[in-house]
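Fold and contact review
Residue strings, one per chain:
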Amino acid sequence: MSDVKLEDIVSLAKRRGFIYPGSDVYGGLAGTWDYGPLGVALKRNIMNLWWKMFVDEADNMYGVDAAILMNQKVWQASGHVDTFTDPLVECSNCHNRFRADKLDNPDKCPVCGKEHTFGEPRAFNMMFKTYIGPVDETKVAGGATMISDLNTQTGKADSRITETNETVKYSLSDDTSLVYLRPETAQGIFTNFKNVVDSFYPDLPFGLAQQGKAFRNEISPRDFIFRSREFEQMEIEYFVHPDQWETVFEDWIKRVHLWCDALGLPAESVHELEVPEADRAHYSKRTVDFEFDFPIGREELLGLAYRTDFDLMNIQRASGKSMEYRPKDGSKPFVPHVIEPSFGVERALMAVLSAAYKEDEQNGEKRIYLALPAHLAPVKVAVLPLVKNKPELVAKAREVYDMLKKEIGNVMWVDTGNIGKNYRKMDEIGTPYCVTVDFETLEGDTAGTVTVRNRDTTEQTRVKIEDLIESI
RNA sequence: GCGGGUGUAGUACAACGGUUAGUAUGCGAGUUUUCCAAACUCGAGACGGGAGUUCGAUUCUCCCCACCCGCACCA
């Protein structure tokens, strides 16, 4: 358990422009979070680092980017539709849940035997729905409530309008169909397996990587960005010969640890959890969860699962198309098996913030700083004039700023308040280096030098302007 | 979804059935300032929404909305 309090991180995130509650001006929307200037920079740095490590610098790894809206058949084949569209009622006495349409006596609980303990039936489906095609709006006008269900026979959305207590049945236009926002990005990779193999001919083993949004209608999103209704995943499906999976799995465990190191997460805060069979998805023969000591406790940071050929076989069955891979050496074709490392962007971000959040004392006052790895920091260098009412000093600082901005990019100009205040401000957003232009920069033996302040130690060193880039 | 709690400025708090809703901090501008949240001046900024009671509601009542905490859920 981390000794950082989540509320401190939430407060800092909002105060300094990292992360805000979604739809904040209207009172919020549970389960959604918006990213401000610094948050988006940090998040992108994390995502770019991931892409660099797992795609650009890795062998046999390629990217894909599938659409968020996908054919319903994807979710029927994957099992998401069947498992999660049932109308369920819950017994208020024993809390068991039942299919409302399968009960012999709709007023009596078959487990505890109590009567009239059921609430309204609810569809326990975590997928968000929307429509493709025209919906006849005149039919739903007048404040009526439209309830739509998936008709798995026709693949169309059957809808009915409820007005007062009457139910009116009607059909949507023929080219209207219900679609889901993807609840995971993985299926977007599996559905493109055949396309990639046919058009790109990668050698097996190879991996397909994807980053993108996924949506789950969580009953109760909690714990800041840890569990939200809209979130971003970074997933890899690594395709292997079935005989290879065990060694490849072990290899991926090592690669995941390298990733955690690159995020600056202390090794002692990252834990492998061998998921026992009873808790694994039915298709998985091995799953290792990587947990992190978050402020909310030890929770899952990312998962590594051996999914066998479950997904490709489902697609093969549902689409009628072969998912076999034909080795170039002419050996026997086979449907590859899959190792899936699955990363949550927000969880990585929350882990990074938790690990980086530090407090210490400066002159008897509390100092808060984010000890972010320099390659993740939203602002890498800040340039500050020591005082702002000496034009020649400000002009020189501006010169240094322009030079660094051109070379490094994420450089910030800071000249409000006084120098100490600005250092504290930069500490809070995790800027690793502050470059200060002072009077010694302008004249004497020290002309052409500036001070570089280290965020973590607050120590300063004096360096020549031309050596600045190498020293940070 | 159930139970409980809470909604006043970016944040943390205050007050009040009745003039212009106050304080701190933060924020912006300026003066000043030769290295770690100094000082001074000025400025912007809030009663979640809707009904009701009342001469009058930010305050009381009800409804809605949102958030928080527990439980449950988490393929």
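The following refers to the structure shown. (Residues numbered from 1 in each chain as written. Chains lettered and ligands numbered in written order. Predicted model: local features only at pLDDT ≥ 70, side-chain atom pairs only at ≥ 80, totals over all residues. Heavy atoms only, no water.)

Right, let's talk about the sheet that holds strand E25 (residues 460-464) for a bit. If you walk across this open sheet you meet the five strands as E22-E21-E23-E24-E25, and the pairing is mixed. Each having just a single partner strand, strand E22 (411-413) and E25 make up the two edges of the open sheet. The sheet shows a mean angle of 30 degrees between the axes of neighbouring strands, direction not considered. Across three bridges, strand E21 (residues 381-385) lies against E22 in parallel orientation. Each bridged residue has a counterpart across the sheet, and for Val381 the counterpart in E22 is Val411. Contacts from helix H10 (residues 391-408) reach E21, E22 and strand E23 (433-437), with the element oriented near 160 degrees to E22. Helix H11 (residues 419-428) contacts E21, E22, E23, strand E24 (449-454) and E25 of the sheet and is inclined by roughly 170 degrees relative to E21. (Pairing = 2+ DSSP bridges. Helix = DSSP H or I, 4+ residues; strand = E, 2+ residues; numbered from the N terminus. Axes fitted to C-alpha atoms, helices over the stretch in contact; angles between N-to-C directions. Contact = heavy atoms within 4.5 Å.)

This brings us to the protein's contact with RNA strand B. As a structural note, the neighbourhood of RNA strand B is formed by 38 residues, with Gly27, Ala30, His80, Arg216 and Asn418 the closest of them. Near the protein, within 4 Å, the atoms of RNA strand B are sugar or phosphate in 38% of cases. At 2.9 Å from a base nitrogen of RNA strand B is found a side-chain nitrogen or oxygen belonging to Arg424. Within the side chain of Asp438, a nitrogen or oxygen atom sits 2.7 Å from a base nitrogen of RNA strand B. Elements with a minimum of two residues in the surface near RNA strand B: helix H4 (80-84), H11 and E24. (Near = heavy atom within 4 Å. Polar contact = N/O pair within 3.5 Å; in protein donor to acceptor, adjacent residues only side chain to side chain.)

Among all residues except glycine, the phi angle is most often negative; among peptide bonds, the trans geometry is most common. Following Leu204, the chain continues to Pro205 via a peptide bond in cis, the omega torsion being -5 degrees. With respect to the helices, strands and loops of the structure, Pro205 is situated in the loop between helix H6 (193-200) and strand E13 (206-215). Positive phi values are uncommon outside glycine, yet Asn60 reaches one of about 55 degrees. Inspection of the secondary structure assignment puts Asn60 in the loop between helix H2 (37-56) and strand E3 (61-63). A relative accessible area of 30% places Asn60 in the partly exposed class. In this structure, Thr458 is a non-glycine residue whose phi angle is positive, near 60 degrees. Relative to the elements of secondary structure, Thr458 occurs in the loop between E24 and E25. (Buried < 20%, exposed > 50% of the residue type's maximum accessible area, 1.4 Å probe, protein only.)

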